[in-house]
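Close look at the chain arrangement
Single-letter residue listing:
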Amino acid sequence: MSRAILWFRNDLRLNDNPALDAAARECREIVPVYVLDERYLERGRWGFYRTGPYRLHFLLESLYDLSEELRSKGSRLLVVAGQPERELPRLAGEYGCSRIYASKEYAHEEIQAEKKLAASFDIRFLHSSTLYQPKELPFAIKQLPDVFTAFRKRVERYAEVSEPLVAPDEIPGPELPDTQIPSLESLGFGLPPADGRAVLEFRGGATAAHSRLDHYFWNTESLSVYKETRNGLIGADYSSKFSPWLANGCISAREIYREVEAYEAEVEQNKSTYWLKFELLWREYFRLVAMRYGQRIFYPGGIQEKAVRWKDNDKAFEKWRTGTTGDDFVDANMRELLFTGFMSNRGRQNVASYLAHHLKQDWRKGAAWFESLLLDYDVYTNYGNWMYAAGVGNDPRSRVFNTGRQASIYDGDGAYRRLWLGEPEKDPAAFLERYF
Ligand SMILES: Cc1cc2nc3c(=O)[nH]c(=O)nc-3n(C[C@H](O)[C@H](O)[C@H](O)COP(=O)(O)OP(=O)(O)OC[C@H]3O[C@@H](n4cnc5c(N)ncnc54)[C@H](O)[C@@H]3O)c2cc1C
């Protein structure tokens, strides 16, 4: 094969990138492309921008970092706006490429785009975001256990996470124009001002992902106490904060998993080091759930296709998303999300349960709000967790959270609620109106 397009999707890295690895082995020249899909910049069915300014900003930073990495390997990143189904064939014609390499996705819209391309193109998809290749699993996808624990036990016993791939030293290709990454403003968005209360100043890209990993593992050894701190609400190090980088593929789950093992060999192995691997298995599981159940992850009744009558009360939803419900734990969390694009796992579980079980609103509207706001939005993890929280996913038990009790356990001294509810001059409704 002489020349091929390498289509970057949610795999914005050169290390451990199976699509790049295959293209580099099988082709003489590579044309790296990212398509800023205009459909994800529009408003979705619930009226929210599908990609809000926090996440878009992080994505643009990640593209910039990727383009610098490519440049150091003698290549360039072509960034175009449009739809992959149209842009990729056009670019393939322009640069004389006979094949496309890309990472596989598992959600409906992404699969539709893949199918359209595959109908008229020689295209190879590789699994880049999972810990295991489907063929490395001890069961067929259609036999995926419906309960996480059963899945976990089987992979822990019978599957092995293989070594991350190493990026090629050079990426040869034709003469390519300089990378042009659009600004947030040119795409019609404004970045909300940084909020000093945010858990972290997230910066997109593989470089920042690896610095964060070095910080959390090697410099501070926070990994050693992860299991005790992971339900925290305030500050940078109660949890790894890897999620925005994982969602954009700036770092792979496999790289993190292997680094945990290196830490276990060099520093210590304990229940905390195990627990980070355990959480990566949850992430894996929701990918497999999407592979197995397809569009059902977006059904109101979820993968269970449960008959639930969700209410549609705009006022109640508005209070929820502006953090003005009157439940101070829910409100503090929703404001953190609105003002920073991040929320802890504990917070997410509570606000999701509150929306679905207390307010009885369609969980998919909450999921769409998360999709717009979260820096780490990832379709599989988001919809998987939302279904779970709403009682229509993989959990046979009902998961109704008593938010008052949760607040007294996890925010006993009220510090978290004071942090987010104590600044009256930052009006959530006006903020929302201005930036979203
Ligand atoms: C309603 C709801 C929606 C969510 N939406 C998303 C989302 O869109 N994107 C996202 O990355 N996470 C989502 N999560 C999962 C979880 O809250 C975040 O992954 C986590 O808070 C990110 O912080 P961290 O990287 O510090 O996590 P850590 O606790 O340090 O965990 C390390 C990694 O393990 C994975 N992980 C942790 N918890 C979960 C979980 N419950 N399910 C699956 N994987 C997990 C993530 O990749 C995370 O980065 C959601 C959870 C809920 C309850």
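Before any of the text, the structure's been laid out above.
A short tour of the structure in this document, coming up. Bear in mind the structure is a predicted one, so any value in this text is a computation, not a measurement. (Residues numbered from 1 in each chain as written. Predicted model: local features only at pLDDT ≥ 70, side-chain atom pairs only at ≥ 80, totals over all residues. Heavy atoms only, no water.)

A closer look at the overall build of the chain
If you tally the helices and strands in the chain, you get 18 helices and five strands. Taken along its principal axes, the extent of the C-alpha atoms in the chain is 60 × 50 × 45 Å. Within the span of the chain, comprising 436 residues, buried residues form 57% of the whole. Pairs at least 24 residues apart make up 78% of the contacts formed inside the chain by residues separated by at least 6 positions. Computed over 59 positive and 63 negative side-chain charges, the separation of the two mean positions in the chain equals 7 Å. (Helix = DSSP H or I, 4+ residues; strand = E, 2+ residues; numbered from the N terminus. Buried < 20%, exposed > 50% of the residue type's maximum accessible area, 1.4 Å probe, protein only. Contact = heavy atoms within 4.5 Å. Lys, Arg positive; Asp, Glu negative; His and termini not counted. Charge placed at Lys NZ, Arg CZ, Asp CG, Glu CD.)

Some thoughts on the pairing of strand E1 (residues 3-8)
Moving residue by residue along a regular strand, the side chains alternate between the two faces of the sheet. Most of E1 is tucked away: five of the six residues are buried. For E1 and strand E4 (residues 99-103), the ladder comprises four bridges, and the chain directions are parallel. Bridge pairing in E4 links alanine 4 to arginine 99. (Pairing = 2+ DSSP bridges.)

Side note on the packing of helix H12 (residues 328-340) against helix H18 (residues 428-435)
The geometry of H12 relative to H18 is characterised by a closest axis approach of 10 Å and an angle of 35° between their N-to-C directions. Classified by chirality, the crossing of H18 by H12 is left-handed. From H12, Arg335, Leu338 and Phe339 reach across to H18, where they touch Pro428, Phe431 and Leu432. (Axes fitted to C-alpha atoms, helices over the stretch in contact; angles between N-to-C directions. Left-handed = near helix turned anticlockwise from the far one by under 90°.)

Some remarks on helix H1 (residues 18-26)
Every buried residue of H1 is listed here: Pro18, Ala19, Leu20, Asp21, Ala22 and Ala23. On its buried side, H1 packs onto E1, strand E2 (29-37), E4, strand E5 (123-126) and helix H9 (253-266). Its side-chain oxygen placed 3.1 Å from the backbone nitrogen of alanine 19, asparagine 17 serves as the N-cap of H1. (Polar contact = N/O pair within 3.5 Å; in protein donor to acceptor, adjacent residues only side chain to side chain.)

Quick look at the pattern of salt bridges
The tally for this structure, following the rule as stated, stands at 37 salt bridges. Notably, a salt bridge pairs arginine 99 with aspartate 122, separated by 2.9 Å at the nearest N-O pair. Of the two residues, arginine 99 is situated in strand E4 and aspartate 122 in the loop between helix H4 (108-120) and E5; the sequence distance between them amounts to 23 residues. Overall, the relative accessible area of 16% leaves arginine 99 in the buried class. Judged by relative accessible area, which is 34%, aspartate 122 ranks as partly exposed. Linked by salt bridges that have partners in common, Glu26, Arg99, Asp122 and Arg124 make up one network. (Salt bridge = Lys/Arg side-chain N within 4 Å of Asp/Glu carboxyl O.)

Describing empty space enclosed by the protein
If you walk through the whole model with that rule in mind, you get one cavity of 30 Å³ or more. Here the residues of the lining of the largest cavity are counted per class, giving three nonpolar, five polar and two charged. Counting the residues that make up the lining of the largest cavity, at least three belong to each of domain 1 (3-128) and domain 2 (129-160 + 206-293). (1 Å grid on protein atoms, 1.4 Å probe; cavity = no way out; pocket = protein on both sides within 12 Å on 5 of 7 lines; lining within 4 Å. Points joined across faces, edges and corners; volume = space filled by probe spheres on them. Nonpolar A, V, L, I, M, F, W, Y, C, P; charged D, E, K, R; others polar. Domains from an automatic or database assignment.)

Regarding the site of the ligand
By nearness alone, 27 residues border the ligand, and Tyr226, Ser239, Ser240, Lys241 and Asn345 come closest of all. Between the ligand and asparagine 382 there is a distance of 3.1 Å, counted from a nitrogen atom to a side-chain nitrogen or oxygen. Relative to its free-state accessible area of 810 Å², the ligand is covered by the protein chains to the extent of 96%. Of all the elements in the fold, those that place two or more residues in the shell around the ligand are helix H8 (243-248), helix H10 (271-293), helix H13 (345-358) and helix H15 (379-390). The element contributing the most residues to the shell around the ligand is H10, with six residues. Among the residues making up the shell around the ligand, the classes are represented as 13 nonpolar, eight polar and six charged. Looking at which domains feed residues into the shell around the ligand, each of domain 2 (129-160 + 206-293) and domain 3 (302-435) supplies at least three. (Near = heavy atom within 4 Å. Areas by Shrake-Rupley, 256 points an atom, 1.4 Å probe, with all protein chains shown as cover.)

Re the side chain of histidine 357
In this structure, histidine 357 sits in helix H13. A relative accessible area of 18% places histidine 357 in the buried class. Beyond its immediate stretch of four places on either side in the chain, histidine 357 contacts Ala389, Ala390, Gly391, Arg399 and Val400.

Section: the packing of H12 against helix H14 (residues 363-373)
At a minimum axis distance of 9 Å, the contact between H12 and H14 shows a crossing angle of 40°. Regarding the angle of H12 to H14, the classification is oblique. In contact with Met334, Leu337 and Leu338 of H12, H14 contributes Trp369, Phe370 and Leu373. Partitioned by chemical class, the residues of the contact of H12 with H14 number six nonpolar, no polar and no charged. (Parallel < 35°, antiparallel > 145°, perpendicular 65-115°, else oblique.)

A word on the sheet that holds strand E3 (residues 78-82)
Within a sheet, neighbouring strands are paired by backbone hydrogen bonds and run either parallel or antiparallel to one another. Across the sheet, which stays open at both edges, the five strands sit in the order E3-E2-E1-E4-E5 with parallel pairing between neighbours. Lying at the two open borders of the sheet, with one neighbouring strand each, are E3 and E5. Neighbouring strand axes in the sheet, compared pairwise and without regard to direction, differ in orientation by 30° on average. In terms of strand pairing, E1 meets E2 through six bridges, oriented parallel. By the bridge assignment, tryptophan 7 is partnered in E2 with valine 33. Here H1 sits on the sheet in contact with E1, E2, E4 and E5, set at roughly 155° to E4. Packing against the sheet, helix H2 (residues 53-72) makes contact with E1 and E2, and its axis sits at approximately 170° to E2.

Comments concerning the packing of aromatic side chains
As enumerated under the stated definition, the model contains 37 aromatic pairs in all. Ring plane angle 75° and centroid distance 6.1 Å describe the contact between tyrosine 216 and phenylalanine 242, whose orientation is recorded as edge-to-face. Separated by 26 residues along the polypeptide, tyrosine 216 in helix H6 (residues 206-219) and phenylalanine 242 in the loop between helix H7 (226-229) and H8 bring together distant segments of the chain. The same class applies to tyrosine 216 and to phenylalanine 242, which are both buried. Their ring planes at 70° and their centres at 6.3 Å tell us that phenylalanine 329 and tyrosine 416 sit as a pair that is edge-to-face. With phenylalanine 329 in helix H12 and tyrosine 416 in helix H17 (residues 415-421), this pair connects stretches of sequence that are 87 residues apart. A relative accessible area of 0% means that phenylalanine 329 is categorised as buried. For tyrosine 416, a relative accessible area of 0% translates into the label buried. Chaining the aromatic ring pairs together yields one cluster made of Phe48, Tyr54, Phe317, Trp320, Phe339, Trp369, Phe370, Trp386, Phe431, Tyr435 and Phe436. Sitting over the ring of phenylalanine 125, lysine 104 keeps its end group 5.8 Å from the ring centre. Directly above the ring of tryptophan 275 sits lysine 227, whose terminal nitrogen or CZ lies 4.6 Å from the centroid. (Phe/Tyr/Trp six-rings, centres within 6.5 Å; stacked < 30°, edge-to-face > 60°. Lys NZ or Arg CZ within 6 Å of the ring centre and 35° of its normal.)

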